[in-house]
Amino acid sequence: MRSSTSNFKRKLRLPRLFFAKPSEIVHRDYERPIPQLPWRGITVVVVLSVIAATFSWEFYCRSIGYGPTLNDNEDLWTTTRRRVKPESVVIVGDSRAWFDLDLDELQKGLGKRPVQLAMGGSCAYPVLADLANDENFHGTIICSVVPRLFVAPPGTPPMERAEKAVRRSHTQTLAQRASQYLAMPLEEHVAFLKQEELTLDELLKRLPIPNRPGALVPPRLPPYFGTLDRERRARMIEECARPGKLQSTIQQIWLPLFTPPPPPTYIPKDEFAKEMGKAIEQRFHDVAAVVQKLRARGGKIVFVRLPHSGGLKALEDRETPRTGIWDRLIKDTGAAGIYYEEHTELAGFTCPEWSHLSAGDSVEFSKRLVPHLRKALRL
Amino acid sequence: MLFNSLTFVVFFALVVSAYWSIRSWKARKNLLVVASYIFYGAWNPPFAALLFSTTAMDFWLGSRIARAKGRHSRRGWLVASVCMNLSMLGFFKYGNFLLQNFQWLLARIGIVYQPPHLDILLPVGISFYTFHSLSYTLDIYRGVLQPTKSLRDFVLAVSFFPQLVAGPIVRAGDFLPQLVTAPGLRLGQFLWGLLLMTLGLFEKIVLADTMLSGSADRIFDYAGPLVALDSWLGVMAFAGQIFFDFAGYSICAIGAALCLGFHLKDNFRFPYAAVGFSDFWRRWHISLSTFLRDYLYIPLGGNQVRPVRAAINLVIVMFLGGLWHGAAWTFVVWGLLHGSYLVIERVIRVLFENKAWANNLATRVLAGVATYTAVCIAWVFFRASDFTVASRMLRGMFGGHAQGDAILTTREMLQIGIVTAFMILVHWSLRESNIETAVTRLPRWAVTAAWALMASAIVLTQGNSNAFIYFQF
């Protein structure tokens, strides 16, 4: 007679879950078929073809003006972030800080070589917050402000770009770190390794195919016009510093890029404007809190508005006038601010493509900026 | 370490060179163990210790099962292994999910409970290596596998780097016999392995990431209503993306293993040419579906029970299959949908199996289209971050947003259309065949040109793309 426990198990059927005998014995001596082809010859032809195609592509890229440069990705940023010491001078913000601030001149003037943590097309806030949350850091921050980027709401590309880099700096694996160290020498010598422009994806985006009305076409980004080194210092290439097709193309790209996009169709305009207003208010509040936190540990911060020219300056002055975001930022944070137009020695520079200084001008500009920085930071 | 990274290129070149330079088979296996742990530890070193400890535990439990005299004793050791593996998986993968659902349940009966947020980092590939390891004790218990006496061999079987983090789920019983004798270096096999790696990377980097992922992301991330065309194209883009992503990884793994002299089974067999859902699951993620079939469905009774019970078993298996993919109810719904599809298919088969029209070409093509469509509908739940997104997508797909937005560019629509059409064409033309036969039939110049084109396209995309989707599982 079966026990009650056995009956219970039988009813429940649970024990059979893993314990049933298999229906068939698994085939153990599996061997994959290998196609019988002249593999040696095929491989030689493939290798030679790929080498030829790669060199041809490299020569073509160089012939149309591209040169080797590091890619500004989150791994390069992380490599630089790791250099921040407790008392470092750190540059944060957007691409204007990259191109306009010369690390050699700042080192001469401030006594320390700054760490360049600015990111092209990004919002400074996530990096400011990361530094403020770093209990070891009590150094100095030079923060470039482009108002539209600085108050970019969460979920927008400027915020996501900075957040992605900050996140990577906290989660970078050994493999990602190794890949970055392997990639840098290659990127320094190979022109087509420019991820923002010469990837297959970007090349496909350039195909002149007309779109349906309403299609969300991402704004075009400027083509290659600067090089980046291992310290993430950017220098404008000569071709862009000279008047010509590249310069005028970039100028015309900035205008739509800096023009506020229309609100999404699925949100009423008033509601969207209200949400944006709320997000901007929140940003002021968050930045003030971050600055306070930093100062409480003895850190210093100075906000800097860097030169911009031509049609882009007219657009920025109209859409984000100084009395709006800049003045409010300085008032709310109580931090020092340097607005280039207020100082004649800083105001006389012209940005060739309207947004950044040429390599030569950036050195002179940085030299002239140093006394203002020293004063603002009470050095 | 990702297959599509510079680190892996250097790592693989070093491992392969060293592996084939060493004469001693034991030393080669030691090298592979070290390489596999470096491969895994390069992501997060402490989790390599976790991997080793679960492996060592299963090695010991396997030997206990084999040595145990009585049935109860054998069963006890097996239960220990199952509990150890599943509790590890449960803690790391489902800890927060269970807490959140517990909180929700309490809230339903009016109890406010704020659970602590467990800051649990999911060890990459835990779902895969847990199943690699579990297959060992299960097969020893079932009497189809003798325990290995070498801990090193078992460690290698579980952690073999090509299949460690994203499958295929290689059963210890399929891998351990390959560790008995040293494979010889065969040039044809080695170069075919390299070609398969190129194909896998091409599928991942070029087809999944470059051609499809951007459109799929844009559609699923769009917060507004979308017209039917865009919604369907977004889902089709994801259907292609996940296939090329996962099948690409599996082919890379098979190729890398071949370069080292090991043979892994196919994990995909042209799934979008499936006629019916049982056919789909014989072609999609084969290593998981056969694992669930052999260790769950058949022990539950398989097809040898009453039809209603068999249907319930199917749904249970697919429910767990869904949950295996991720700790979210959207994955559960995906699994349940597939479970329901399988049940409906059985009913249809019973009703129409003997009809003459049931097996003609037109019916089969229609059934194939219906299978692909239903699979795409299920993908909505797999890809959507939550049910709000899923319901918005489904409403869009079935015409609920006639005045919705049309956001895809013509280029994106062309990319999705061309890649999907190409994919389905290849799947249908090879559905009764395999890649090896197809390559053998091709002229040499075509094989050479295809390989060169794929490699050049990988260089052109610069190899910089996203992590494999299945890493998160």
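Quick notes on the rules
- Residues numbered from 1 in each chain as written.
- Chains lettered and ligands numbered in written order.
- Predicted model: local features only at pLDDT ≥ 70, side-chain atom pairs only at ≥ 80, totals over all residues.
- Helix = DSSP H or I, 4+ residues; strand = E, 2+ residues; numbered from the N terminus.
- Rg over C-alpha atoms; globule rule 2.2 N^0.38 Å.
- Buried ≥ 20, exposed ≤ 12 C-beta atoms within 10 Å, placed from the backbone.
- Contact = placed C-beta atoms within 7 Å.
- Axes fitted to C-alpha atoms, helices over the stretch in contact; angles between N-to-C directions.
- Parallel < 35°, antiparallel > 145°, perpendicular 65-115°, else oblique.
- Left-handed = near helix turned anticlockwise from the far one by under 90°.
- Nonpolar A, V, L, I, M, F, W, Y, C, P; charged D, E, K, R; others polar.
- pLDDT = per-residue confidence, 0-100.
- Domains from an automatic or database assignment.
- Expected span 1.5 Å × (residues − 1).
- Pairing = 2+ DSSP bridges.

### Topic: the overall build of chain A
Inference 1: A tally of regular secondary structure across chain A gives 18 helices and seven strands.
Inference 2: In summary, chain A has a C-alpha radius of gyration of 27 Å against a globular reference of 21 Å for 379 residues, an excess of more than 25%.
Inference 3: With the C-alpha coordinates aligned to their principal axes, the bounding extent of chain A is approximately 100 × 65 × 50 Å.
Inference 4: Of all 379 residues assigned to chain A, the portion counted as buried reaches 34%.

### Topic: the overall build of chain B
Inference 1: Within chain B, the secondary structure is distributed over 18 helices and zero strands.
Inference 2: Compactness check: chain B gives a C-alpha radius of gyration of 23 Å against a globular reference of 23 Å for 473 residues, within 12% of the reference.
Inference 3: Each of the three principal axes of chain B carries a C-alpha extent, and together these read 65 × 65 × 55 Å.
Inference 4: Within chain B, buried positions represent 49% of all 473 residues.
Inference 5: In chain B, the share of contacts with a sequence separation of at least 24, taken over all contacts with a separation of at least 6, comes to 75%.

### Overview of the packing of helix 8 (residues 187-221) of chain B against helix 18 (residues 444-461) of chain B
Residue and element names in this part refer to chain B.
Inference 1: Running from N to C, helix 8 and helix 18 point in directions that differ by 50°, and their axes come no closer than 9 Å. Taken together, the axes of helix 8 and helix 18 are oblique relative to one another. Every pair of crossing elements has a handedness; the one defined by helix 8 and helix 18 is left-handed. The residues of helix 18 that touch helix 8, namely those facing Leu195, Thr198, Leu199, Leu201, Phe202, Ile205, Val206 and Thr210, are Trp451, Met454, Ala455, Ala457, Ile458 and Thr461.
Inference 2: The residue inventory of the contact of helix 8 with helix 18, partitioned by class, reads 11 nonpolar, three polar and no charged.

### Section: the confidence of the model for chain B
Residues and elements named next belong to chain B.
Inference 1: When pLDDT is averaged across chain B, the result is 90; 97% of the residues are at 70 or more.
Inference 2: Within chain B, the lowest mean pLDDT, 87, falls on helix 4 (residues 71-108), and the highest, 96, falls on helix 16 (residues 410-429).
Inference 3: Across the predicted assembly, pTM comes out at 0.88 and ipTM at 0.84.

### Details of the domain arrangement of chain B
All names here are of chain B.
Inference 1: By domain assignment, chain B separates into domain 1 (6-99 + 121-182) and domain 2 (204-472).
Inference 2: Placing a centre on the C-alpha atoms of domain 1 and another on those of domain 2 gives a separation of 28 Å.
Inference 3: Between domain 1 and domain 2, the contact holds 21 residues from the first and 22 residues from the second.
Inference 4: Across the side of domain 1 that touches domain 2, the residue classes break down as 14 nonpolar, five polar and two charged.

### Here's the deal with the interface of chain B and chain A
Inference 1: Taken together, the contact between chain B and chain A spans 59 residues of the former and 57 residues of the latter.
Inference 2: When the residues that make up the side of chain B that touches chain A are grouped by side-chain class, the tally is 33 nonpolar, 17 polar and nine charged.

### Here we look at helix 9 (residues 157-171) of chain A
Inference 1: A rise of 1.5 Å per residue sets the reference length of helix 9 of chain A, with its 15 residues, at 21 Å; its end C-alpha atoms lie 20 Å apart and thus fit the reference within 8%.
Inference 2: Taken together, the buried positions of helix 9 of chain A are occupied by Pro158, Met159, Arg161, Ala162, Glu163, Ala165, Val166 and Ser169 of chain A.

### Quick look at the sheet that holds strand 3 (residues 140-144) of chain A
All names here are of chain A.
Inference 1: Pairing is parallel in the open sheet, where five strands are placed in the order 2-1-3-6-7. Edge positions in the sheet fall to strand 2 (115-116) and strand 7 (336-339), since each of these pairs with one other strand and no more.
Inference 2: Across five bridges, the pairing between strand 3 and strand 6 (residues 300-305) is parallel. By the bridge assignment, Cys143 is partnered in strand 6 with Phe303.
Inference 3: Here helix 18 (residues 359-376) sits on the sheet in contact with strand 3, strand 6 and strand 7, set at roughly 160° to strand 7.

### Notes on helix 18 of chain B
Every α-helix winds through 3.6 residues per turn, so residues three or four apart in the chain are directed the same way.
Inference 1: Look at helix 18 of chain B: 26 Å from first C-alpha to last across 18 residues, which is about the 26 Å you get at 1.5 Å a residue.
Inference 2: Of all the positions in helix 18 of chain B, only Val447, Thr448, Trp451, Ala452, Met454, Ala455, Ser456, Ile458, Leu460 and Thr461 of chain B are classed as buried.
Inference 3: Buried residues in helix 18 of chain B make contact with helix 3 (39-63) and helix 11 (200-205) of chain A together with helix 8 and helix 17 (435-441) of chain B.
Inference 4: Positive phi shows up at Gln462 of chain B, right after helix 18 of chain B, with a value of about 65°.

### Points about the confidence of the model for chain A
Inference 1: On average, residues of chain A score 88 in pLDDT, and 92% of them reach the 70 mark or higher.
Inference 2: Contacts of residues 1-28 of chain A to residues separated by more than four positions or lying in other chains number 28 contacts, the stretch itself having pLDDT below 50.

### A short note on the environment of Gly95 of chain B
All names here are of chain B.
Inference 1: Here Gly95 shows up in helix 4.
Inference 2: Classification of Gly95 as partly exposed rests on a count of 14 C-beta atoms within 10 Å.
Inference 3: In the structure, Gly95 is positioned 232 residues away from Ala327 in sequence and 8.8 Å away in space, judged by C-alpha atoms.

### Things to note about the pairing of strand 1 (residues 89-92) of chain A
Residue and element names in this part refer to chain A.
Inference 1: Neither face of strand 1 is exposed, since Val89 and Ile91 on one face and Val90 and Val92 on the opposite face are all buried.
Inference 2: Across four bridges, the pairing between strand 1 and strand 3 is parallel. By the bridge assignment for strand 3, Val92 is matched with Cys143.
Inference 3: When strand 1 meets strand 2, the two strands line up parallel, connected through two bridges. By the bridge assignment for strand 2, Ile91 is matched with Gln116.

### Let's talk about the environment of Ala234 of chain A
Residue and element names in this part refer to chain A.
Inference 1: On the secondary structure map, Ala234 appears in strand 5 (residues 234-236).
Inference 2: Given 26 C-beta atoms within 10 Å, Ala234 falls into the buried group.
Inference 3: Ignoring any residue separated from it by four or fewer positions in sequence, one finds Ala234 in contact with Ser95, Trp98, Phe99, Gly226, Thr227 and Leu228.

### A closer look at the pairing of strand 6 of chain A
Inference 1: Here strand 6 of chain A runs beside strand 7 of chain A; their pairing, made up of four bridges, is parallel. Note that in strand 7 of chain A the partner of Arg305 of chain A across the bridge is Tyr339 of chain A.

### A short note on unusual backbone geometry
Residue and element names in this part refer to chain A.
Inference 1: Positive phi outside glycine occurs at Arg232, with the angle close to 65°.
Inference 2: Summarising the element assignment, Arg232 is placed in the loop between strand 4 (226-228) and strand 5.
Inference 3: C-beta crowding within 10 Å serves as the criterion here: with 22 such atoms nearby, Arg232 is assigned to the buried category.
Inference 4: Despite not being glycine, Trp354 has its phi angle at roughly 85°, a positive value.
Inference 5: Structurally, Trp354 is set in the loop between helix 17 (344-347) and helix 18.
Inference 6: Overall, Trp354 belongs to the buried group, with 25 C-beta atoms counted inside 10 Å.

### Things to note about the packing of helix 8 of chain B against helix 16 of chain B
All names here are of chain B.
Inference 1: Viewed as axis vectors pointing N to C, helix 8 and helix 16 meet at an angle of 125°, and their least axial separation amounts to 9 Å. With respect to each other, helix 8 and helix 16 are oriented oblique. Considering the relative orientation of helix 8 and helix 16, their crossing is left-handed. Residue-level inspection shows Leu207, Met211, Leu212 and Ser215 of helix 8 in contact with helix 16, the latter providing Glu412, Gln415, Ile416 and Val419.

### Observations concerning the environment of Ile219 of chain B
Residue and element names in this part refer to chain B.
Inference 1: Mapped onto the elements, Ile219 comes out in helix 8.
Inference 2: The spatial distance from the C-alpha of Ile219 to the C-alpha of Ala237 is 9.4 Å, given a sequence separation of 18 residues.
Inference 3: If we skip the residues at most four places from it in the chain, Ile219 touches Leu226, Asp230, Ser231 and Gly234.

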